[in-house]
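# Overview (structure and organization)
Residues per chain are reported as follows:
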Amino acid sequence: MKIGESIHQALKNIVSSKMRAFLTMLGIIIGIAAVMVIVGFGNGMENYMKDQFESMGTNTLTVTINGRGSSRSVSEDDMYQIVEDNSEYLDKISPTVSVSSTVKIDTETLDSTSVTGVNEEYFSIKDYGISDGRALQYLDMVNRQRVCVVGAYIAQEYYADDAVGQKIRIGGNKFTIIGVLNQQVDEMEEGSTDDMILLPYTTAARVLSAGTISNYTIMLTSEDFETDGKAAIEDALYSIFESEDAYRITSMSEMLEMMTSMTNIIIAIMTAIAGISLLVGGIGIMNIMLVSVTERTREIGIRKALGAKERFIMTQFVIESAVISAMGGLIGIAAGYGISAIATQVVGAVLDVSMTIVPSAASVVIAFGISVAIGILFGYLPAKKASRLNPIDALRYE
Amino acid sequence: MTSIISFHSVSKHYQMGDTLVKAADDISMEIQPGEFVAIVGRSGSGKSTCMNIIGCLDVPTIGEYLLNGENVGTLNKNQLAEIRNRMLGFIFQQYNLLPKLTVLENVEVPLMYAGLSKAERRQKAMEALEMVELSDKLINMPNQLSGGQQQRVSIARALAGNPAIILADEPTGALDSKTSRDVLGLLQELQKSGHTVVLITHDNSIAVTAERIIRLEDGCVVYDGLSDAPEAVVISQSIMEGGTQS
């Protein structure tokens, strides 16, 4: 008896009890669809994060100086020197001074706005363009000018796109807006990259008493030099501090890797939970196959009397269970695609995030393979039972 | 000529609780190729046990059963299945057709287990159905046919693989007298075309269709001879009367 004929017979049996077959498949359908959507969600999240990090620049390193007592320290000039010495790998550097002073426009306080002191290089490091006015310049640093560049959100929200020349109060000091940044993200809102104020780091450090300059963003000459660039900075800083604890160098790709491995863990856990549904589905198949063996005891007896070997009966039932499971798998795959498409829309609408949830081709193939395997695995026991039936008893069965 | 069916002191014992049931007790008989034999007996006489052993569905506890010279008792389950497929055609009282298959597919089942190709199967099944005059019902489902027609399908299924022995277990039990005669006529035809036919029944009027009667009582052979001999019926009736009296 050929496999093709067994499958044909199995399909006939399934078609003759559609409702039961469908309910039996349901566990597999839900399990496969869930696994596919979750894997798709993971892929979408990873891609989304990659995009986000790339927009921040994967070719940058962040250096944080913790210092070591008061005896040893690194000035911004030392840092500039390190970059200059390693111009083969390191291109540009900007101090980043976080300012926590309150920002006020007239009487309104801006809570979510991030205020950072940077130098004139920061704009090209971050690839920030200017839509109005000018960017910060070297002289602004030297003279500790009380000027600032604001993000597109602030310009639009508070100045109706006419921000240049206006005043803004940061920590009680009046600053003049000299430029407006290009819009960075699609949807401008509070707390986004567009809700930002950049001012000279010298001003930030002295006038706003933001403390010592301890953070730097460094641009590499090329992404490929990440390791070399990092090593060069490490060498230089170690020779000053003679301790590895005094500084920390982080690359964007490292952070991306960290985030990715974290999401991967979450996805793996969720997949395992969805996998339980597959297990339950498999048990459902086993249950219904056992019922089916009992119902078809007489048929098995007849077939045995007509010369069916145990192997034939066994194959017939295993294939039937595999076909049910595989059909469930196919429906689950279709459902997985459908739900992924809907989820993409929902995530886009609800979270304002353009994340595409697409199940990978590999997950489709694996899902189908798993569903067939479940059918064979959980069909084995009932099939064994069927093949072992004594033909005399089976023929007598009513 | 060697016997096609040969029982040497065959016994079949079952343990039912504390009692040992001797379903067949020291039965010896020889059936030659081409014979039409009826095995007759009341329920509990051991005729079903005999049929199961002849049909290779069961093996004797004691004694030997030689089918065409081969000792069936030494064969494993797969070999028994193969012998059933190759040597035996079953006809049952309840027809035992597979309800989800068409008439043609039902007749093809034993041929499929014999490993024939689809085309060969189709051809042999059609020939068999032609013989029982059901060529016009090929794609009908069994439940669309009358009892007599269903039994003819099962006869077609039994003879499709051209087995040496046709084993009919109460083939007319569920049929009216006219269709019963048709079915018995078919069995006689099968004998004429060279098959060995073994008919198992409790009914003397059916048994006389055969040339030879083997009568069983309490697991033992009480008569083995021609069906038209007066003892074939007389002995049985005296025993039946004796049985009812005790």
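Everything numeric in this text was worked out from a predicted model, so none of it was measured.

Rules behind the numbers
Residues numbered from 1 in each chain as written. Chains lettered and ligands numbered in written order. Predicted model: local features only at pLDDT ≥ 70, side-chain atom pairs only at ≥ 80, totals over all residues. Helix = DSSP H or I, 4+ residues; strand = E, 2+ residues; numbered from the N terminus. Rg over C-alpha atoms; globule rule 2.2 N^0.38 Å. Buried ≥ 20, exposed ≤ 12 C-beta atoms within 10 Å, placed from the backbone. Contact = placed C-beta atoms within 7 Å. Domains from an automatic or database assignment. Core = buried A, V, L, I, M, F, W, Y, C linked by C-beta atoms within 7 Å. Pairing = 2+ DSSP bridges. Axes fitted to C-alpha atoms, helices over the stretch in contact; angles between N-to-C directions. pLDDT = per-residue confidence, 0-100.

### Some remarks on the overall build of chain A
- Looking only at helices and strands, chain A features 13 helices and 13 strands.
- Taken against the 2.2 N^0.38 rule, which gives 21 Å for 398 residues, the C-alpha radius of gyration of chain A at 33 Å runs more than 25% over that of a compact globule.
- Taken along the three principal axes of its C-alpha coordinates, chain A extends 105 × 50 × 30 Å.
- For chain A, the proportion of its 398 residues judged to be buried stands at 41%.
- At a minimum sequence separation of 6, the contacts of chain A that also span at least 24 residues come to 82%.

### Some remarks on the domain arrangement of chain A
- For chain A, the assigned domains are domain 1 (3-54 + 258-396) and domain 2 (69-242).
- Taking the mean C-alpha position of each, domain 1 of chain A and domain 2 of chain A sit 55 Å from one another.

### Describing the nonpolar core
- Ranked by size, the top nonpolar core spans 117 residues in total, and within it Ile39(B), Val107(B), Leu129(B), Ala156(B), Ile166(B), Leu167(B) and Val198(B) carry the most contacts.
- No other element matches helix α2 (residues 18-56) of chain A, which puts 14 residues into this core.
- Formed by 52 residues, the second largest nonpolar core is a distinct cluster that contains Met79(A), Ile93(A), Val180(A) and Leu220(A).

### A few points about unusual backbone geometry
All names here are of chain A.
- Phi at aspartate 127 is positive, roughly 60°, even though this residue is not glycine.
- Structurally, the position occupied by aspartate 127 is in the loop between α4 (122-126) and β7 (130-133).
- If you check the backbone angles, alanine 160 has positive phi at about 50° while not being a glycine.
- Along the chain, alanine 160 turns up in the loop between α6 (152-159) and β9 (167-170).
- A tally of 8 C-beta atoms within 10 Å means that alanine 160 is categorised as exposed.

### Here's the deal with the interface of chain A and chain B
- Between chain A and chain B, the contact holds 17 residues from the first and 18 residues from the second.
- Looking at the side of chain A that touches chain B, the element that brings in the most residues is helix α10 (residues 297-305) of chain A, giving 5 residues.

### Describing the sheet that holds strand β1 (residues 60-65) of chain A
Residues and elements named next belong to chain A.
- Taken in spatial order, the 4 strands make up an open sheet running β2-β12-β1-β13, and their pairing is antiparallel. Of all the strands in the sheet, the pair left with one neighbour each is β2 (90-95) and β13 (247-251). Pairs of neighbouring strands in the sheet enclose a mean axial angle of 20°, with direction left out of account.
- Direction of pairing for β1 relative to β13: antiparallel, over a ladder of 5 bridges. Within β13, the residue paired with threonine 62 across the bridge is threonine 250.
- Sheet contacts for helix α3 (residues 76-85): β2 and β12 (215-220); angle to β2, the most-contacted strand, approximately 165°.

### Some details on the confidence of the model for chain B
Residues and elements named next belong to chain B.
- Averaged over every residue, the pLDDT of chain B is 88; residues scoring 70 or more account for 94%.
- Ignoring residues within four places in sequence, the model shows residues 242-246, a span with pLDDT below 50, making 0 contacts including any to other chains.
- The complex model carries a pTM of 0.73, and its ipTM stands at 0.89.

### Some words on the pairing of strand β1 (residues 5-16) of chain B
All names here are of chain B.
- Where β1 lies against strand β4 (residues 62-67), 5 bridges are found, and the strand directions are antiparallel. Of the residues in β4, the one forming a bridge with serine 11 is isoleucine 62.
- Here β1 runs beside strand β2 (residues 19-31); their pairing, made up of 9 bridges, is antiparallel. The residue bridging histidine 13 from the neighbouring strand is lysine 22, located in β2.
- Where β1 folds back on β2, the antiparallel hairpin that results is connected by 2 residues, among which glycine 17 adopts a positive phi of roughly 65°.

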